[in-house]
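Survey of secondary and tertiary structure
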Amino acid sequence: MSSLTFVKKIKRKVSTPHRKTSPAFVIGYSNTDPPPAGFLAAWFQQTFDEPLDITFPGTNGTTIFDAVMQNKTARLETHCSPDIANTWRTRLDWIHTEIAEIYPPKTSKPHDQNQILHIARLARGVTELTEGTAYDVGTGIYVNPSDWMTQTLQGFRLGDHVRIEQIERPDEGRVWFHTRGLGKFGFEDIETYKNTGLSTQPVIETLEDIAESIILRGNPLHTGDSIEIHATGQYAEVVRHRTDPTYGIQLNLREIVWS
């Protein structure tokens, strides 16, 4: 399992575009037409050796379409309206003139690993075809075409989709650890606090272990629940639920503790 670990200061809060639902990925690009759906299908076949079916809903033109592989699907809008593009450019401080968005399917059920991998692969395709920049809304990570060379998405790796953050809180004498990205699967992110000066790697590995267990079991955690830490055989307990506005979005969190 790969780890994505970040230590950073909190950035200024930014507002989220006022939309009914949030895209999983936003891709900014410039000085080019949006890639035709057929180009994306051909790229997908060549890169992953899997056929991609394209369907155009209603009469919305050719820049809004569904990309389907077996039972996995996503909605793409490869040329967003100027007001949406301006909103994302302001939020992300981008100079890109055009914006594409990728949405997961509408469902009340959690998304499994294969569905999230499918969406990320489509984001990679649009990024490479436009030579643009992808923004993973769930994790806050930016990905350029060169980055996809090391993040190839040939299979599911937790570190490609879920980010572990650690943020020092000197005034409290502790470090805040939390995930970002579990929301794209349909779960709340998890957090924990540890005293300053302790080794951080065991905490990061435990959060990764728990995050992967949540995804695999397919059920959300509730306050009072326990979940096994497979690497150690211990159990972590969910002690509270809260929302956090640190990143300019509502991050839904479940605090977990273990000894």
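A few points on the structure. Just so we're clear, the structure is a prediction, and the values are computed from it rather than from any experiment.

We now examine helix H1 (residues 37-48). A rise of 1.5 Å per residue sets the reference length of H1, with its twelve residues, at 16 Å; its end C-alpha atoms lie 16 Å apart and thus fit the reference within 8%. Ala 37, Leu 40, Ala 41, Trp 43, Phe 44 and Phe 48 are the residues of H1 that are buried. Along the long axis of H1, the arc covered by the buried residues comes to 165°, so they all point the same way. Summarising the geometry of H1, the exposed residues directed more than 90 degrees from the buried face are Phe 39 and Gln 46. Buried residues in H1 make contact with strand S3 (53-55), strand S4 (64-69), strand S5 (72-77) and helix H3 (113-130). Note on H1: the residue one or two positions beyond its end, Asp 49, has a positive phi of about 55°.

With that settled, the discussion passes to the pairing of strand S9 (residues 163-169). Where burial is concerned, most of S9 is hidden: six out of the seven residues are buried. For S9 and strand S10 (residues 174-180), the ladder comprises seven bridges, and the chain directions are antiparallel. Bridging from a neighbouring strand, Arg 163 pairs with Arg 180 of S10. Here S9 folds back onto S10 in antiparallel fashion, the turn holding four residues, of which Gly 173 has a positive phi close to 70°.

Under the criterion given, the structure shown has one cavity of 30 Å³ or more. By volume, the largest cavity amounts to about 50 Å³. Contributing to the lining of the largest cavity are Phe 187, Glu 188, Ile 190, Ile 214, Pro 220, Leu 221 and Arg 254. Each residue belonging to the lining of the largest cavity can be placed in one class, and the counts come to five nonpolar, no polar and two charged.

This part is about the packing of aromatic side chains. Evaluation of the coordinates by the stated rule reveals eight aromatic pairs. Relative to Phe 48, the ring of Trp 43 lies with its centre 5.6 Å away and its plane at 80°, an arrangement referred to as edge-to-face. Trp 43 sits in the buried class, given a relative accessible area of 9%. Summarising the aromatic geometry, the rings of Phe 156 and Phe 185 are spaced 6.2 Å apart at their centres and angled 80° between planes, so their arrangement reads as edge-to-face. Residue Phe 156 is found in the loop between strand S8 (141-143) and S9, and its partner Phe 185 is found in the loop between S10 and strand S11 (189-195); the two are separated by 29 residues along the sequence. The pair Phe 156 / Phe 185 is uniform in exposure class, with both members buried. Among the aromatic side chains, those forming a connected cluster through ring pairs are Trp 88, Trp 94, Tyr 135 and Tyr 142. The ring of Phe 48 has Arg 121 lying over it, and the distance from NZ or CZ to the ring centre is 4.2 Å.

The rules we used
Residues numbered from 1 in each chain as written. Predicted model: local features only at pLDDT ≥ 70, side-chain atom pairs only at ≥ 80, totals over all residues. Heavy atoms only, no water. Helix = DSSP H or I, 4+ residues; strand = E, 2+ residues; numbered from the N terminus. Expected span 1.5 Å × (residues − 1). Buried < 20%, exposed > 50% of the residue type's maximum accessible area, 1.4 Å probe, protein only. Arc of directions from axis to C-beta. Contact = heavy atoms within 4.5 Å. Pairing = 2+ DSSP bridges. 1 Å grid on protein atoms, 1.4 Å probe; cavity = no way out; pocket = protein on both sides within 12 Å on 5 of 7 lines; lining within 4 Å. Points joined across faces, edges and corners; volume = space filled by probe spheres on them. Nonpolar A, V, L, I, M, F, W, Y, C, P; charged D, E, K, R; others polar. Phe/Tyr/Trp six-rings, centres within 6.5 Å; stacked < 30°, edge-to-face > 60°. Lys NZ or Arg CZ within 6 Å of the ring centre and 35° of its normal.

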